[in-house]
Amino acid sequence: MVFSSLIFLCGFFPLSLLAYSFCKTQKAQNTVLLIFSLIFYAWGEPKYVLLLMFMALTSWLCALGVERARSVTGKRIWVATAAVIDISLIGFFKYSGLICSLFGPVPEFVSRIALPIGISFYTFQLLTYVVDVYRREAPAQHSYWNVLLYAALFHQCIAGPIVRYQTVNHDLFSDEPRQCRWDKGVSRFCGGLAKKVLLANPLGALADSIILADSAISDASLFAANAEALGSLSVLGAWLGIAAYALHIYLDFSAYSDMAIGMGKMLGLHYLENFNYPYISRTVTEFWRRWHMSLGTFFRDYIYIPMGGNRCGFLRSVFNTFVVWALTGLWHGASWNFLLWGLWFFVFLMLERLLLKRPLEKIPVLSNLYLLLVVTLGWVIFRFTDLNLGMTLIRSLFGANGNALTSFASTIQLKSNMYLLAVAVIASTPLAKVLGRVLERFCHRHGNLGVYWDVFFYSILPVCLLLLSVACLVGDSYNPFIYFQF
């Protein structure tokens with residue numbers, strides 16, 4: 001079940017809100033949230049609910065062990081125990097095939113191991129819980145069900161953002177009444193839904209039609225046909241396909257985060273922002289401060305800084321950065337292209353640190369073009385698990401396959417999707433947000449106009465976006481979510 005599915009929009013979510021509204025106490029509210037969260041997770045993979053519950057159990061016990069241990073060594077043993085259990089489980093389910101490939105053909109039973117949905121997200125959340133207790137940044141939970149609720153919350157369990165325990169501890173478990181913001185929550189949710197359905201889905205379909213769908217890429221028997229298709233693309237067609245994919249992956253993932261944040265606001269839960277218009281960045285360093293921010297801050301605070309960060313000499317800081325970006329790549333998938341994708345950004349981060357920082361600061365427009373080129377080529381590496389296919393597409397981007405600059409088919413595709421691409425580009429910048437704030441300030445300075453603006457922005461517009469999105473979902477079978485595979 002995904003947030004943009006009709007069964008979620010017309011059944012599951014309204015029922016969860018209805019049940020929640022009848023609860024008068026925090027304990028009852030949390031019980032309803034937990035029940036619906038487990039149902040939501042079990043909808044896709046019932047047997048892996050037990051895995052989620054077991055990992056929550058071990059983290060709960062280890063955090064209690066940390067709290068009760070009298071020595072620093074004892075506390076560290078409990079943290080290490082939690083880390084070993086969680087990392088071993090995610091390693092078994094996610095990386096068994098990759099590890100086996102180092103020693104020869106992957107055994108059939110290993111290749112049949114299914115990846116539990118959301119394991120990369122809730123594993124990191126449970127680790128932050130134990131570490132936060134160790135650092136005394138949050139108290140240990142004495143109720144197992146509360147830890148399970150934190151890990152299983154359906155708003156963000158499947159695809160983030162990665163929510164730290166200290167961030168939601170007060171909202172979920174304090175005795176204070178929750179400050180629900182239905183107006184902002186509904187507006188944010190419907191805006192994210194429209195971004196997903198009206199923009200991300202059509203862009204994903206466009207990218208699949210030009211640079212191959214994931215199912216075709218992963219089929220080794222189609223390699224020759226795939227290589228021919230990518231190699232024969234015109235330069236315009238290749239750039240159109242990868243541009244559509246770049247816009248798709250941002251709008252798709254940020255839309256999911258918008259919907260999660262919106263649902264949280266409706267219930268008085270405050271999830272941190274996960275995206276901040278990364279494509280307007282001027283450097284790779286800035287890009288990763290704006291892209292998937294919850295993942296970046298996790299690696300910074302729980303891996304990079306504990307390893308010494310940049311406080312322990314140049315060579316050691318380079319090594320620390322290398323480790324972080326290798327892990328960032330592997331977190332996204334158990335395939336060598338993801339590792340290469342992470343190290344691709346490591347190389348440019350080092351180049352910026354040593355050589356490119358000052359030149360890029362002097363020429364803003366050029367620096368943004370540089371960033372877009374680096375990120376776009378990175379998305380080619382990210383998309384193609386077969387590196388040979390990825391290199392074929394990169395050669396097509398620069399006409400190195402002997403391919404034409406343009407073709408009739410690519411020209412027609414560009415003209416047919418021009419308005420979609422234009423709106424998607426605008427949605428990837430803060431232009432609409434800034435314009436909305438200007439209009440809001442103007443209306444609130446002129447008496448009753450402020451009331452009309454609030455009615456329009458928090459009532460009429462969300463309802464229109466919701467109805468339009470639902471109408472588009474009816475009969476439309478293309479509704480993937482790219483980050484489910486991670």
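What counts, and where the lines are drawn
- Residues numbered from 1 in each chain as written.
- Predicted model: local features only at pLDDT ≥ 70, side-chain atom pairs only at ≥ 80, totals over all residues.
- Heavy atoms only, no water.
- Helix = DSSP H or I, 4+ residues; strand = E, 2+ residues; numbered from the N terminus.
- Rg over C-alpha atoms; globule rule 2.2 N^0.38 Å.
- Buried < 20%, exposed > 50% of the residue type's maximum accessible area, 1.4 Å probe, protein only.
- Contact = heavy atoms within 4.5 Å.
- Areas by Shrake-Rupley, 256 points an atom, 1.4 Å probe, with all protein chains shown as cover.
- Lys, Arg positive; Asp, Glu negative; His and termini not counted.
- Charge placed at Lys NZ, Arg CZ, Asp CG, Glu CD.
- Phe/Tyr/Trp six-rings, centres within 6.5 Å; stacked < 30°, edge-to-face > 60°.
- Axes fitted to C-alpha atoms, helices over the stretch in contact; angles between N-to-C directions.
- Parallel < 35°, antiparallel > 145°, perpendicular 65-115°, else oblique.
- Nonpolar A, V, L, I, M, F, W, Y, C, P; charged D, E, K, R; others polar.
- Core = buried A, V, L, I, M, F, W, Y, C linked by side-chain atoms within 4.5 Å.
- Salt bridge = Lys/Arg side-chain N within 4 Å of Asp/Glu carboxyl O.
- pLDDT = per-residue confidence, 0-100.
- Disulfide = S-S within 2.5 Å.

1. Overview of the overall build of the protein
A count of helices and strands for the protein gives 22 helices and zero strands. The C-alpha atoms of the protein give 23 Å as radius of gyration, which agrees with the globular expectation for 486 residues (23 Å, within 12%). In terms of overall dimensions, the protein has a C-alpha envelope of 65 × 65 × 50 Å along the principal axes. Counting across all 486 residues of the protein, residues that qualify as buried make up 52%. Of all intrachain contacts in the protein linking residues separated by at least 6 positions in sequence, the fraction that spans at least 24 positions is 75%. For the protein, the computed accessible surface area is about 22600 Å², with 68% contributed by carbon and sulfur atoms. Of note, the protein has its 36 positive side-chain charges centred 8 Å away from the centre of its 25 negative side-chain charges.

2. Examining the environment of Glu361
Positionally, Glu361 belongs in helix α16 (residues 336-362). Distance in space between the C-alpha atoms of Glu361 and Thr283 is 8.9 Å, their sequence separation being 78 residues.

3. A short note on the environment of Cys157
Topologically, Cys157 is positioned in the loop between α7 (144-152) and α8 (165-173). Among residues more than four places away in sequence, those in contact with Cys157 are Tyr41, Leu52, Gly118, Phe121, Tyr122, Ala151 and Ala152.

4. What about the packing of aromatic side chains?
Aromatic rings in a pair are described by how distant their centres are and how their planes are angled relative to each other. One pass over the full model with this rule turns up 53 aromatic pairs. Taking 4.2 Å as the distance between ring centres and 20° as the angle between the ring planes, the aromatic pair formed by Phe3 and Tyr256 counts as stacked. Of this pair, Phe3 sits in the segment before α1 (6-21) while Tyr256 sits in helix α12 (residues 235-266); the two residues are 253 residues apart in sequence, bridging distant segments of the chain. Taking the relative accessible area as the measure of exposure, Phe3 reaches 0% and is therefore buried. Tyr256 sits in the buried class, given a relative accessible area of 2%.

5. Describing the packing of helix α4 (residues 72-101) against helix α15 (residues 314-332)
For the pair α4 and α15, the least separation of the axes is 10 Å and the interaxial angle reads 105°. Considering their axes alone, α4 and α15 lie roughly perpendicular with respect to each other. Residues Lys94, Tyr95 and Leu98 of α4 pack against Leu330, Trp331 and His332 of α15. Taken together, the residues of the contact of α4 with α15 break down into four nonpolar, one polar and one charged.

6. Description of the nonpolar core
Counting 140 residues, the largest nonpolar core has Phe8 and Trp379 as its most contacted members. It is α12 that contributes the most residues to this core, 17 residues altogether. Leaving out residues up to four positions away in the same chain, Phe8 has contacts with Met1, Val2, Phe3, Phe13, Pro14, Phe40, Phe154, Phe189 and Met263.

7. Here's the deal with the pattern of salt bridges
Applying the stated rule across the entire model yields nine salt bridges. Its salt-bridge partner being Arg383, residue Asp208 comes within 2.8 Å of it at the nearest N-O pair. In this pair, Asp208 is assigned in helix α9 (residues 182-211) and Arg383 in helix α17 (residues 364-383), connecting sequence segments 175 residues apart. We classify Asp208 as partly exposed; its relative accessible area is 22%.

8. Overview of the packing of α12 against α17
With their axes 10 Å apart at the nearest point, α12 and α17 run at an angle of 90° to one another. It follows that α12 is roughly perpendicular to α17 by the angle criterion. Along the contact surface, α12 presents Trp239, Ile242, Tyr245, Ala246 and Ile249, while α17 presents Leu373, Thr376, Trp379, Val380, Phe382 and Arg383. Here the contact of α12 with α17 is composed, by residue class, of nine nonpolar, one polar and one charged.

9. Remarks on the side chain of Thr392
Note on placement: Thr392 falls in helix α18 (residues 387-397). Apart from the residues lying within four places of it in its own chain, the contact partners of Thr392 are Ala227, Leu230, Gly231 and Asn401.

10. Re α8
Those residues of α8 not exposed but buried are Tyr165, Val168, Asn169, Asp171, Leu172 and Phe173. Looking at the packing, one finds that the buried side of α8 touches α2 (26-44), α6 (119-134) and α7.

11. Considering the confidence of the model for the protein
Per-residue pLDDT for the protein has a mean of 88; in total, 97% of the residues score no lower than 70. Looking at the elements of the protein, mean pLDDT is at its lowest for helix α5 (residues 108-111), recorded as 75, and at its highest for helix α20 (residues 418-427), recorded as 94.

12. Notes on the state of the cysteines
For the structure on display, the rule yields zero disulfides. We note that Cys443 lacks a disulfide partner, and the nearest cysteine sulfur, in Cys464, lies 17 Å from it.

13. Describing unusual backbone geometry
Of note, the phi angle at Leu212 is positive, near 80°, even though the residue is not glycine. With respect to the helices and strands, Leu212 occurs in the loop between α9 and α10 (214-217). One non-glycine residue with positive phi stands out, namely His292, at about 40°. Residue class for His292 comes out buried when judged on its relative accessible area of 0%.

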